[in-house]
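Overview (structure and organization)
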Amino acid sequence: MRLRRCGDTALLVELRDLDEVVQLYDALAADPPPGVTDVLPAARTVLVRFEPPASPSEVESAVRAVQPAAGLRTRMGEVEIPVVYDGADLADVAALTGLTEREVVTAHTRTPWIVAFCGFAPGFGYLIGGDSRLAVPRRSESRVRVPAGSIALAGEFSGVYPRESPGGWQLIGRTGVTVWDIDAHPPALLKPGVRVRFTEVAHD
């Protein structure tokens, strides 16, 4: 663990891997040190924001004293996302994994996913914890436009594109659920710790 000060009101904690990020985030979210106002995980870091009278040295000591527990998962709610599994890359994912298209769908819906962190675009959650057989590489060439609501896979992650954007993930389906709405409170449906269950629905 390496801690770097970000101004007078934040610390950036650098960790070895995503497992350590999830464990530290869970511990801090479940029992934040005095003065801590926000904890923001990423792929290899956790940003800890705080406010006076807490000092950087006090928060740094508190973070170093945290004893993350393996398997701990802060409950931040559960979201069910209905999916039409007709994505443009579904056949490619089946070929890459050695599964049939039906088995890909079953694997994606059978196991709940967890939002590890958010990034890339507002409302885009990087979901982990699904069936390990679905780990596939990104596409060799990104698309210029990926429709909003596209359900995708890349590496160990699954995700839901919150709006139309370029993207290089493997598209396996689509949903009508809005995961980013600037007028909602909060605007993001998915945030770290939220459990996500994908369910299959019939074609339109």
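Here, every reference points to the structure presented above.
What you are looking at is a predicted structure, and each value in this text was computed from that prediction instead of being measured.

Time to look at the pattern of salt bridges. Scanning the entire structure with this criterion turns up 12 salt bridges. Note that Glu-200 is salt-bridged to Arg-102, the shortest N-O span being 2.8 Å. Separated by 98 residues along the polypeptide, Glu-200 in strand S13 (residues 195-200) and Arg-102 in helix H4 (residues 101-110) bring together distant segments of the chain. Its salt-bridge partner being Arg-110, residue Asp-131 comes within 2.7 Å of it at the nearest N-O pair. Remark: Arg-110 occurs in helix H4 and Asp-131 occurs in the loop between strand S7 (125-128) and strand S8 (143-146); sequence separation between them is 21 residues. A relative accessible area of 11% means that Asp-131 is categorised as buried. Judged by its relative accessible area of 51%, Arg-110 falls in the exposed class. Residues participating in the shared-partner salt-bridge network are Arg-5, Glu-60 and Arg-64.

Right, let's talk about the nonpolar core for a bit. If you look at the biggest cluster of nonpolar residues, it comprises 33 residues, and the most contacted ones within it are Val-13, Leu-18, Val-46, Val-48, Val-59 and Trp-169. Counting residues per element, the ones that place at least two in this core are strand S2 (10-14), helix H1 (18-30), strand S3 (36-41), strand S4 (45-50), helix H2 (56-65), strand S6 (113-118), S7 and strand S9 (150-154). Counting residues per element, this core draws most heavily on H1, which supplies 7 residues. Core analysis: the next-biggest nonpolar cluster, separate from the first, contains 25 residues, Val-83, Ala-107, Val-160 and Ile-172 among them.

Here we take up H2. If you check which residues of H2 are buried, you get Pro-56, Val-59, Glu-60 and Val-63. Down the axis of H2, the buried side of the element spans an arc of 100 degrees, and every buried residue falls inside it. Check the buried side of H2 and you find it contacts strand S1 (2-5), S2, S3 and S4.

What follows covers H4. Where H4 is concerned, the buried positions are Val-104, Val-105, Ala-107 and His-108. For H4, the arc enclosing every buried residue in end-on projection is 165 degrees, short of the 170-degree limit, so these residues lie on one face. Against helix H3 (90-97), S6, S9, strand S10 (157-160), strand S12 (170-174) and S13 lie the buried residues of H4.

Pairing is antiparallel in the open sheet, where 4 strands are placed in the order S1-S2-S4-S3. A single partner strand is all that each edge strand has here, and the edge strands are S1 and S3. Direction aside, the axes of adjacent strands within the sheet are offset by 20 degrees on average. Here H1 sits on the sheet and contacts S2, S3 and S4; the angle it forms with S4, its principal contact strand, is near 20 degrees. Packing against the sheet, H2 makes contact with S1, S2, S3 and S4, and its axis sits at approximately 160 degrees to S1.

Sheet topology places strand S5 (residues 78-83) next to S13; 6 bridges connect them, and they run parallel. The partner of Pro-82 across the bridge, within S13, is Thr-199. Here S6 pairs with S13 via 2 bridges, running antiparallel. When the bridges of S13 are listed, Ile-114 appears paired with Arg-195.

Cut-offs used in this document
- Residues numbered from 1 in each chain as written.
- Predicted model: local features only at pLDDT ≥ 70, side-chain atom pairs only at ≥ 80, totals over all residues.
- Heavy atoms only, no water.
- Salt bridge = Lys/Arg side-chain N within 4 Å of Asp/Glu carboxyl O.
- Helix = DSSP H or I, 4+ residues; strand = E, 2+ residues; numbered from the N terminus.
- Buried < 20%, exposed > 50% of the residue type's maximum accessible area, 1.4 Å probe, protein only.
- Core = buried A, V, L, I, M, F, W, Y, C linked by side-chain atoms within 4.5 Å.
- Arc of directions from axis to C-beta.
- Contact = heavy atoms within 4.5 Å.
- Pairing = 2+ DSSP bridges.
- Axes fitted to C-alpha atoms, helices over the stretch in contact; angles between N-to-C directions.

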